[in-house]
Amino acid sequence: MTETATLSHQNIITTKDLSVNDIETILDTSDSFKEISTRAIKKVPTLRGRTIINLFFEPSTRTRTSFEIAGKRLSADVINISGAGSSIVKGESLIDTAKNLEAMSPDILVVRHNCSGAPSLISDFVNCPVINAGDGMHEHPTQSLLDLLTIREHKGTFKGLKIAIVGDITHSRVARSNIQAMQTMGMKVKVVAPPTLIPVEIEKMGVDVCYDLGQGIKDADVIMILRIQLERQNQGLLSSLREYSNYFCLTAKHLANVSDDTLIIHPGPVNRGIEISLDVLQGSRSLILNQVTNGVAVRMALFYLLLGESDANSN
Ligand code: CP
């Protein structure tokens with residue numbers, strides 16, 4: 001890579017900010033970085049001397065680890081801070097936390113928070129780029145980008161593809177980020193769930209709505225199954241998990257009625273047997289682990305595009 005492409009925004013907070021050109025640039029750059037993770041020595045000097053802080057106030061396996069691996073594969077110094085291990089527990093405010101971290105000259109802050117808007121708020125108070133690693137029920141833009149990379153690898157294009165997003169749409173930041181990004185790329189989005197798990201007026205986002213799993217997925221090129229967010233189900237939106245599973249768990253029986261080319265994706269973590277059956281999870285159409293692999297490449301691409309090549313490389 002000789003000249004670093006640029007993105008239209010310095011912060012990655014919402015997929016609303018990403019143009020077709022931004023998304024194509026990120027996916028093309030991710031493609032070029034994937035090979036590094038297949039090498040015996042999985043490291044290049046691209047971001048030598050740069051510092052990345054991962055600030056995670058919510059649990060995470062995939063996102064936190066892949067941001068850390070992405071930074072390390074590019075030779076950046078990566079610092080991980082959890083909410084529980086920070087002075088937030090002593091009463092320090094989010095803004096003071098961010099300002100104090102900024103005083104140590106990081107080049108990027110990656111933020112996951114249970115409150116919608118927290119990464120955006122931080123970006124108003126620091127000068128370095130901020131990447132939203134998932135904020136409350138708002139957005140998870142890097143998940144959407146890795147989902148798009150996975151779809152493009154298998155379908156070659158986005159234009160005209162139909163996706164059915166199935167499950168807990170109301171609580172899903174993944175759904176919100178993906179609806180916007182997939183529509184930007186020319187995909188047609190349908191949401192499929194019981195009425196209580198679909199936000200009111202979601203049609204205003206330009207999606208079709210279906211309350212029946214079989215009907216909802218029958219013409220889909222891609223089925224995205226969402227996790228039932230057990231930690232957010234105290235509002236009486238479901239009568240029971242068993243009833244949800246009876247009507248909305250994707251099983252081999254459902255897949256018998258869709259095209260053999262239909263892809264299955266899921267952002268994880270998976271509740272086995274609740275939203276997806278074990279045989280579908282482990283079947284040949286499931287790309288769930290491909291998504292995880294692509295998460296590293298997408299996050300490497302974002303670091304590279306936001307920071308450019310380190311000057312340290314010429315020394
Ligand atoms: N997909 C996702 O955000 O997973 P984690 O919560 O494990 O990061």
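Residues numbered from 1 in each chain as written. Predicted model: local features only at pLDDT ≥ 70, side-chain atom pairs only at ≥ 80, totals over all residues. Heavy atoms only, no water.

## What to know about unusual backbone geometry
Quick reminder of the rule: The helix count covers DSSP runs of H or I at least four residues long, the strand count covers runs of E at least two residues long, and both are numbered beginning at the N terminus. Only protein chains enter the area calculation, which uses a 1.4 Å probe; residues under 20% of their type maximum are buried, those over 50% are exposed, and those in between are partly exposed.
In this model, Gly268 is joined to Pro269 through a cis peptide bond whose omega is -5°. Looking at where Pro269 falls in the secondary structure, it is placed in the loop between strand S9 (263-265) and helix H10 (278-281). Even without being glycine, Ser75 reaches a positive phi, approximately 70°. The residue Ser75 is located in the loop between helix H2 (62-73) and strand S2 (77-82) in this model. Its relative accessible area of 17% is what places Ser75 among the buried residues.

## A look at the sheet that holds strand S6 (residues 188-192)
Consider a sheet: its strands pair through backbone hydrogen bonds, and that pairing is either parallel or antiparallel. Definition in use: Strands pair, by our definition, only if DSSP identifies at least two bridges between them. In this description, a line fitted to the C-alpha atoms serves as the axis of each element, helices being fitted only across the stretch in contact, and the angle between N-to-C directions of two axes falls anywhere from 0 to 180 degrees.
The strand order across the open sheet built from five strands is S7-S6-S5-S8-S9, with neighbouring strands paired in parallel fashion. Edge positions in the sheet fall to strand S7 (208-210) and S9, since each has one partner strand and no second. Across the sheet, the mean angle separating the axes of adjacent strands is 20° when strand polarity is ignored. Sheet topology places S6 next to S7; three bridges connect them, and they run parallel. Note that in S7 the partner of Val192 across the bridge is Cys210.

## Considerations on the sheet that holds strand S3 (residues 108-113)
To keep it simple, the criterion reads: The criterion used for residue contact is that any of the two residues' heavy atoms lie within 4.5 Å.
Ordered by their spatial adjacency, four strands build an open sheet running S2-S1-S3-S4, and the pairing between neighbours is parallel. The open sheet terminates on both sides in strands that have one partner only, identified here as S2 and strand S4 (130-135). Pairwise comparison of adjacent strand axes, ignoring direction, gives a mean angle of 15° for this sheet. Both strand S1 (residues 51-56) and S3 contribute to a ladder of five bridges, which runs parallel. When the bridges of S3 are listed, Ile52 appears paired with Ile108. In the packing of H2 onto the sheet, the strands contacted are S1, S2, S3 and S4, and the crossing angle to S1 comes to about 175°.

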